[in-house]
Every structure is written in structure tokens, then in C-alpha cells.
Amino acid sequence: MVNPFNDVRIALRTLARRPLFVLSVAGTLALGIGATSAIFSVLYGILLRPLPFDEPDRLAVVWESNPTRGHALMAAAPPNVADWTAQGTTVDDIGFYADGEYPLATDTGSELVRVSRMTTNLLTVLRVRPAIGRLFRDADGQPGATRALLLTDAAWRRLFDGDPTVVGRSVTLGGAPAEVVGVMPPDVVFPLPIAFDGTARTAPVDGYVAFRANEVGPRSARYVRAIGRLAPGATVETAERELRAIAARLEIAYPDSNAGWTVRVVPFAEQVVGETRPALVALFAAVTFVLLLACANAAHLLLARAVDRGREVAVRVALGAGRLHLARQLLTEGLALGVIGAAGGVLLAGWTIRVLLGIAPATIPRLHDVQLDGWTLGAALGAGIVASALASLAPITHVWRADPTLALRDRSAAGASGVRTVQRLVLGVESTVAVVLVVMASLIGGSFLKLSGIDPGFRPDNVLMFHANAAGLGLATPEARMQFVDALLERLEAVPGVTAAGTIDAAPLSDDRQGTSFEIDGAPPFAVGSEPAINFSFVSPGYFDAMGISLIAGRTFTPADRFDSEPVTIVNDAFARQFFPDGDAVGRRVAVGFSSDVFRRIVGVVADERHERIGEAPRGGTYTPVRQFWWSRFAVVVRTAGDLEGVVSGVREAVRAVDPRLPIYDIRPLAEVVRASYGTSRFATDLTTSLAGLALLLAIAGVFGVASHGVAARTVEIGVRVALGASPRDVRRAVVRPTMLVVALGVGIGLALAAAGASLVAHLLHETSPHDPLAYAVAAVVVIAAGLVATWWPARRAGRIDPLAALRQQ
């Protein structure tokens, strides 16, 4: 009767006599298992872990869409959402929200907080419950009602020290009275970063307030994100068909605002993950290759150990041991090594996860859900068992097919039968996997170099940026707002070390950029529903100098561009090239933005700045002087003589001197903002480069092991060749040539596999073809060079074999 405990006892006793061997095999497996488990934790936390809402598979994001104008996914207009809800049957209910910042004043001080304004039904749509207090009521959304404030758990602890009696407390939010009505549970993180025209907001909010009925705006204002819960039995496809039919009726009823606009419905979980899904899948595929490499190396080490134990196995067979029993014993030893490797892999995975979370950009969603938990431990143990079982196949096959009589007669012959074939197979797998990963790293790394080399259109060095919100300062008249901006900029420019300062409504490389249609005075109007969309911004006169944006034609804004002077605007080069190709933009008039009934004279053309993503082509845009159009929430850029840290305290003092109630936040160098804009690409580059480096190390170890074991097994043969006149060079060539032929074959197969699977990384590439020949050539050269380095020492040792000593082993 089979006693598995006896097999385990014998396996552990056998392995205890070979600590270096155990360290080699278990360490190799631990590297592969640790990397795989860490990436699996990221994959599970972001893609597979259920969202913290009831029946999250029934939640969907409802977008407006106008492909003609370049809006595949666009925020919705609240009146349209109301019509979708009233007329639709496939969606039970739809709520919406929009983010903002407000100064929050309490008994202990004032702080700028991020708040989501949402319909009173949205949290009910999500089916979340408060930890303390209540959710919104319909009355909270009525005009004139006192603001009801729901706090997140983090904000409750930070702002109110986790006081359980906070419900009912009066505060001042945005200069108006508000009442804290509840606190959300710590596991409810909302809004999750939802992709919006290719971008995603990731900063967490501090609380929620209810949209009031008189705050939603006109049907042409598309600025909210709508989330609906599908009716029982409804699907995303049926909901989209019905809502598109409603949108078609609205297009007929409201042609001025809805012409060309339709609806897109996207599953909530899919929308949250966005572009991260294919990137994570590609990385998981890559790390699986690393685990395969670790298995191949472990298989070679176990096979070499089985060959060395050839006489022992032969004696045991001669004494009556069955081959099945021997195979079971080898499998038990392999599984024991796998468990040890899994334990080491868990330790490596925990460390790797901490490193990944430390370097991961904020644009990756659901990072708070990534952790070392039971799923990771299960994945590590499962990977260890599978890897060790696969690695044990080679020695088991060798023992099963070995001739014990031959092994007893000739020790070297014991390892000859089929061993070289298996070793070459292992070597080919290692070379193939290494090439695939190095190709991936070369493609993504080359893409990142191109992305990081893009000119953003401004000079970010020595520029400090921060955000502010003047909504609670009571600046009700144009004169008051103009005096406030003038005083702020004057104070900032007087700070020692500051050379220029300016304001803009939405910071560069943010997802706050406003998009709008426009009209050119004297030109035929664009067809309804097909008007090109442009960016528009509100800036102060010093903005272009502070940012280092070049003036191409005309002039920039001056203090004379006031609310009571001629309406003016500045356009960027992309706008001028597209709509005034003859170079006559300066002097023409356009109507843009919220003041679409006012034609503004173009007084200047400036160079293109990257508004959204650093890798996207600049879109046409206009700039309106802040003295002519006010925006209470804005960003401030301050150019310094070089000492950024030295001016921070001066900047804070200048702001306090203008108005101590003005909250500012997110003070950081503009260069840091630029680096963060391609943080996802850098993260992917770091990961794939690390995996490729690990694969190369494992491949080098594998090639070295195969070549070394081959030399040891052929010591007598090499001694005979040397005795018959073979030179050391001939011997070295005899070792290197067969090994490198297998490596070259693996490289060829790897290049073909990489080309076939290049689509997995295509979405991560910027201006780089997934079949870039340079990347493939680099990968081939690197792996072949690594193979040559790995075979050099065994070949050198073979060239120094003493024929007399070798023949004595016979």
C-alpha cells in the first residue's frame, strides 16, 4: 500500500543531504513564482476582484458620443440623462455626478476638499450604505435646501478625527452653510477613476453633496458622468439600443444641442479598468514566460541530479524497486522543492508588491485593492506545485527509460540515453522565452524613449504649479475678480526668485480641459452636428511667459484686455494651421466657449502646448483673458530663477497676504507633472525591462548549466579527443557549437512567436511599430551574446581537460 507520508519523509531526508542543490532549484522556482504571484496580485486586485457594490455586473456607464466631432466617449448633459431615465425601460435608474473642489470651513480651520456633486439617487443606484448617518434624500436636491454633506471615511478621520458624533454638525462649504449627514464605509471608494475621452481622474474625493435642481445647466452642457443599473434581464446591448433610439428622438426635438449626438453604454467594471486590462494581460503573459523559464531551469537541475544518481537508481532497481515507485519518489522530491520555492516566492511576492505599489502611477485604477492575500498565497502554492511537477517530468522520464545494466557498467553511459535531447529542448525553450521577453522590453522601452522625448510645447524646468479655488471669497462683480487676480499675480511676482506668474483655468496635462464648438466670423457655419471641437482656456497676461510658450504672431494679453474692452482671444498654432491656412489668423474674429454669442478678435498665435496627454497630437485651442471671463477654480504657474523649494514659502505667504481664505493645494514642480503624464508608460517599461532582465539571467544560468553538465558527462570523450590530437580550440568549438546552434534555433522561434503576439503590446506603444525590426534585432543579438557568455567558462574548462586524468575515470 502506498504511504505518501513515507515518500515525503524519504524525500526530505534525501534533500537535506544536498542543501546547495535544494537552494539552486528552490531559489530558481522562487524567482519565477514570486514574480508571477506579484503580477497575479495586481491582475486580481484590478481586474478580477469584485467591485464594492451590490450586483456590480448590472452597473453601466452611459456616455454621450459624437464620433464626427471626435468624441467617442463624452460626458452627458443632465437634461438628456433625465430623458433617458424617464423614457427608458432597460435601465432601472440612472444617476450622475461631477467632481469639484470647495473650501470647507469647520471649527478647527479651513481646507480645500474634493467633493463630488451627485444626484440624490446615485448612491442608491450603486446600492451602498453609510457607516454612520444617512444617504441623500430627495429634499436635499431642492433649490434653497441646506447643503447635505456625506464624508468619505478617510476625510472623516482626517478632518474630524473620526468623531462618531459628526452627523448633524454644521460646516461652511464653498462659502455656504452645510450639514454633515453621514459617513461612508472605508471600503466604498467612489468615484473610481473612469476613463473620459482617454483620460482618467484618480485623486480620491473627500465627500459628496447633492445636485440641486437649478444647478444642472442647459442641454448643451455635457459635463456629468452617468451611471445606471440595468433592469433584470436587460443587457448592455439592449440598453444601448433603447437609449440610442431615445437619443435619436432628442436629436430631432433639440437640433441645436443634440444634433449628431448618440449614446454609448459601457459595463461599469470595464470602464473602470479602461486601457489597463490589455496592459495587465500582456504583463501577466510575460511573467508566465518567466515562470516557464524557471521551470526549464529547475527541470535541467533535476535531470542532472537524476543522471548523477544513475548508479543509485540502478542498484535500487536491481534490488526490486519498481520504476513507478522511483518515479513517485522523484515527483515527491520535486513537489517538496516546489513548496519550498513557493514559500520563498511568497516572500519575494510581498516585497515585489510593495515595490510595485511604490512606483505605480496614480493613473492605474484600483491600486488600493492590490494586496498580498489568500488569492496570492493560493496562486503561489499552485504555481509551485505546477512548476515542480512540470520540472519533474524530465528526471522521471529519464529514470523510467534508463537501462540499469548499462548504468552499473558505465557511469557516463547512465546519462547518455535521451539526456542530451532533453537538455537541448530545455535550452531551446529558455532561448525562445528570453527572446520574446527581450523583444517586448525593447519595443516598450523604445516607445517610452520616444514619448519622454516629446516637446510638451512649454518649458517645465524651474516652474512651480499649484491649484486654488476662489469660490468662497465672494467675488461677485467683474471689478472685484479683476482686482483679486491682479493682486495675486502682483504679490507672486514680487516673491524673491520668481520671474513670472500666470493663471489658467485648467492645468496643463490634466483632464480638466474644456472642449467646445466655435464659429468664425464671415465664414460659412459648420454643418449642424459636425462642428469641429476645440479646447478653450482662460488665462492671465503672464501665463505664456511663465510657461515658456512661444509667441508666433501678434501679441499676448495685456492689462488693457479687460471685461469692458474689446473681446479678444489668442489661438494656438494647430488652430491657426487648420482654420487659417493662409496665415491670416491675427485680426479675424471667432466666437467660442460659453460666450458663443460674442465674437472675439484674434490678437495672437502661440505655439502648441500639450493639454491632455503628452503623447497625443495637440488639438486646436483658444485662450480668453481671465479679465474678460472668470473661472473661480484655477491653476497658478510660477517661473523661478532656479530654486523651486526656496520660493514655496514665499508663494504661500503671498497667497495669504492677498486673502487668507483662499485655499491652495497640490503645490509641485511642473516637471513632475510632465513626468507623471507618461507614468503608465514608464511603469510598463520598468516592469517589462525587469522581467526581461530576470529572463536573461535565468537563461544564462540555464545555458551555463547545460554546457557545464555536458562537459562533465563528456569528460572521457573529450580526453580521448585530446589524446588523439584535438587542440584546445577544437574542444572549445565542440562545446560551443552545439549549444549555440540550439540557442540560435530558440532565438528564431522566439522572434516568430514575438511577431505573432505583438498585438498584445501594440496599445502600449507610441509611434513605434509592434514589428519594429530594430527591437527584434536587438533581442536576437542580446540573447545570442548572453548564450556565448554563458558557454565561455564551460568551454574554457573543457579545453583544459587533462587526457590522462579523464581516461582514468573510464
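Residues numbered from 1 in each chain as written. Predicted model: local features only at pLDDT ≥ 70, side-chain atom pairs only at ≥ 80, totals over all residues. Heavy atoms only, no water.

Caption draft 1: Spotlight on the overall build of the protein chain. Secondary structure summary: the protein chain contains 25 helices and 25 strands in total. Burial status across the protein chain gives 53% buried among its 810 residues. Sequence-distant contacts in the protein chain: of pairs separated by 6 or more residues, those separated by 24 or more amount to 82%. Total accessible area on the protein chain is roughly 34,600 Å²; 59% of this is exposed by carbon and sulfur atoms. (Helix = DSSP H or I, 4+ residues; strand = E, 2+ residues; numbered from the N terminus. Buried < 20%, exposed > 50% of the residue type's maximum accessible area, 1.4 Å probe, protein only. Contact = heavy atoms within 4.5 Å. Areas by Shrake-Rupley, 256 points an atom, 1.4 Å probe, with all protein chains shown as cover.)

Caption draft 2: Looking closely at the pattern of salt bridges. Under the counting rule described, the total for this entry stands at 24 salt bridges. With its nearest N and O atoms 3.3 Å apart, the salt bridge here joins Asp54 to Arg129. Highlighted residues: Asp54 in the loop between helix H2 (19-48) and strand S1 (59-66) and Arg129 in the loop between helix H4 (122-126) and strand S5 (132-133), separated in sequence by 75 residues. Arg264 is the salt-bridge partner of Glu240, the closest N and O atoms lying 3.9 Å from each other. With Glu240 in helix H6 (residues 236-253) and Arg264 in strand S13 (residues 262-267), this pair connects stretches of sequence that are 24 residues apart. Here the salt bridges share partners, and the residues they tie into one network are Glu55, Arg58, Asp92 and Arg127. (Salt bridge = Lys/Arg side-chain N within 4 Å of Asp/Glu carboxyl O.)

Caption draft 3: The arrangement of helix H18 (residues 644-658) in detail. The terminal C-alpha atoms of H18 lie 21 Å apart, and with 15 residues this matches the ideal 21 Å at 1.5 Å per residue to within 8%. For H18, the complete set of buried residues consists of Leu644, Val647, Val651, Ala654 and Val655. Lining the buried residues of H18 we find strand S14 (463-469), helix H15 (478-493), strand S15 (498-504), strand S24 (633-640) and strand S25 (664-669). (Expected span 1.5 Å × (residues − 1).)

Caption draft 4: Quick peek at the nonpolar core. Counting residues in hydrophobic clusters, the biggest one holds 62 residues, and the most contacted among them are Ile46, Leu356, Leu437, Val439, Ile444 and Val783. For this core, the element with the most residues is helix H20 (residues 679-713), which contributes 12 residues. When neighbours within four sequence positions are excluded, Val439 is seen to be in contact with Leu751, Ala754, Ala775, Tyr776 and Ala779. Counting 30 residues, the second largest nonpolar core, distinct from the first, contains Leu451, Ala500, Ala507 and Ala546. (Core = buried A, V, L, I, M, F, W, Y, C linked by side-chain atoms within 4.5 Å.)

Caption draft 5: Layout of the packing of helix H3 (residues 78-87) against H6. Closest axis-to-axis distance for the H3/H6 pair is 10 Å, and the angle between their directions is 125 degrees. If you check the angle between H3 and H6, you find them oblique. Crossing angle aside, the handedness with which H3 passes H6 is right-handed. Two secondary-structure elements touch here, H3 through Asn80, Asp83, Trp84 and Gln87 and H6 through Glu242, Leu243, Ile246, Arg249 and Leu250. Looking at the contact of H3 with H6 residue by residue, the class counts come to 4 nonpolar, 2 polar and 3 charged. (Axes fitted to C-alpha atoms, helices over the stretch in contact; angles between N-to-C directions. Parallel < 35°, antiparallel > 145°, perpendicular 65-115°, else oblique. Left-handed = near helix turned anticlockwise from the far one by under 90°. Nonpolar A, V, L, I, M, F, W, Y, C, P; charged D, E, K, R; others polar.)

Caption draft 6: Local environment of the packing of aromatic side chains. A complete count under the given rule lists 16 aromatic pairs for this structure. The ring of Tyr254 is capped by Arg219, whose NZ or CZ atom sits 3.8 Å from the centre of that ring. Over the ring of Trp261 we find Arg222, and its NZ or CZ is 3.9 Å from the ring centre. (Phe/Tyr/Trp six-rings, centres within 6.5 Å; stacked < 30°, edge-to-face > 60°. Lys NZ or Arg CZ within 6 Å of the ring centre and 35° of its normal.)

Caption draft 7: Structural view of the side chain of Glu609. Among the structural elements, Glu609 can be located in the loop between strand S22 (600-606) and strand S23 (621-625). Side-chain polar atoms of Glu609 contact the side chain of Tyr543, separated by 3.2 Å. A polar contact is formed between the side chain of Glu609 and the side chain of Tyr623, at a distance of 2.6 Å. Residues in contact with Glu609, not counting those within four places in the same chain, are Pro456, Gly457, Phe458, Ile504, Pro508, Tyr543, Met547, Ile549, Pro618 and Tyr623. (Polar contact = N/O pair within 3.5 Å; in protein donor to acceptor, adjacent residues only side chain to side chain.)

Caption draft 8: Broad picture of the side chain of Glu240. Polar side-chain contacts of Glu240 include one of 2.8 Å to the backbone nitrogen of Val265. Setting aside residues up to four positions removed in sequence, Glu240 forms contacts with Val263, Arg264 and Val265.

Caption draft 9: Broad picture of the confidence of the model for the protein chain. Looking at the protein chain as a whole, its pLDDT mean stands at 81, while 86% of the residues score no less than 70. Across the protein chain, the element-wise mean pLDDT spans from 42 in strand S10 (residues 199-200) up to 94 in H6. Scored below 50 in pLDDT, residues 195-201 shows 27 contacts in the model against residues more than four places distant or in partner chains. Per-residue pLDDT stays below 50 along residues 411-417; that stretch engages in 10 contacts with residues further than four places along the chain or on separate chains. (pLDDT = per-residue confidence, 0-100.)

Caption draft 10: Representation of the pairing of S1 in the model. Counting buried residues along S1, 8 of its 8 residues qualify, which places the element largely inside the surrounding structure. Burial along S1 is two-sided: the face carrying Leu59, Val61, Trp63 and Ser65 and the face carrying Ala60, Val62, Glu64 and Asn66 are both buried. In the sheet, S1 pairs with strand S12 (residues 225-230) via 4 bridges, with the strands oriented antiparallel. Counted as the bridge partner of Leu59 is Arg229 from S12. In this sheet, S13 lies alongside S1 in antiparallel orientation, the contact comprising 6 bridges. If you follow Trp63 over to S13, its bridge partner there is Arg264. As paired strands, S1 and strand S2 (residues 71-74) are joined by 2 bridges and run antiparallel to one another. Bridging across to S2, Asn66 finds its partner in His71. (Pairing = 2+ DSSP bridges.)

Caption draft 11: Region of the structure containing the environment of Asp99. By secondary structure assignment, the location of Asp99 is in strand S3 (residues 91-106). Considering only alpha carbons, one finds Asp99 and Val224, 125 residues apart in sequence, at a separation of 8.5 Å. One polar contact links Asp99 to Ser116, side chain to side chain, over a distance of 2.5 Å.

Caption draft 12: Structural view of the packing of helix H22 (residues 728-756) against helix H24 (residues 773-799). Taken N-terminus to C-terminus, the directions of H22 and H24 make an angle of 155 degrees; their axes are 9 Å apart at the nearest point. The orientation of H22 with respect to H24, classified from their angle, is roughly antiparallel. For the crossing formed where H22 meets H24, the hand is right-handed. Residues Pro728, Val731, Arg732, Val735, Val736, Thr739, Met740, Val743, Val747, Leu751, Ala754 and Ala755 of H22 form the contact with H24, whose own contacting residues are Tyr776, Ala780, Val783, Ile784, Gly787, Leu788, Thr791, Ala795, Arg796, Ala798 and Gly799.

Caption draft 13: Representation of a positive patch on the surface in the model. Residues Arg9, Arg13, Arg17 and Arg18 make up a contiguous surface patch of positive charge. Looking at the secondary structure, you find Arg13 in helix H1 (residues 4-16). Since its relative accessible area comes to 46%, Arg13 is described here as partly exposed. (Patch = residues over 30% accessible without salt bridge, like charges linked within 9 Å, V, L, I, M, F, W, Y side chains within 5 Å. Lys, Arg positive; Asp, Glu negative; His and termini not counted. Charge placed at Lys NZ, Arg CZ, Asp CG, Glu CD.)

Caption draft 14: Highlighting the pairing of strand S21 (residues 589-592). In this structure, strand S17 (residues 518-520) lies alongside S21, joined through 3 bridges in antiparallel fashion. Looking at the pairing, Phe518 lines up with Val592 of S21.

Caption draft 15: Summary view of unusual backbone geometry. Despite not being glycine, Arg127 shows a phi value in the positive range, around 60 degrees. As for its position among the elements, Arg127 is in the loop between H4 and S5. Phi angles above zero are rare outside glycine, and Asp161 is one such case at about 55 degrees. Assignment of secondary structure puts Asp161 in the loop between helix H5 (153-160) and strand S7 (170-173). The exposed category is assigned to Asp161, whose relative accessible area is 70%.

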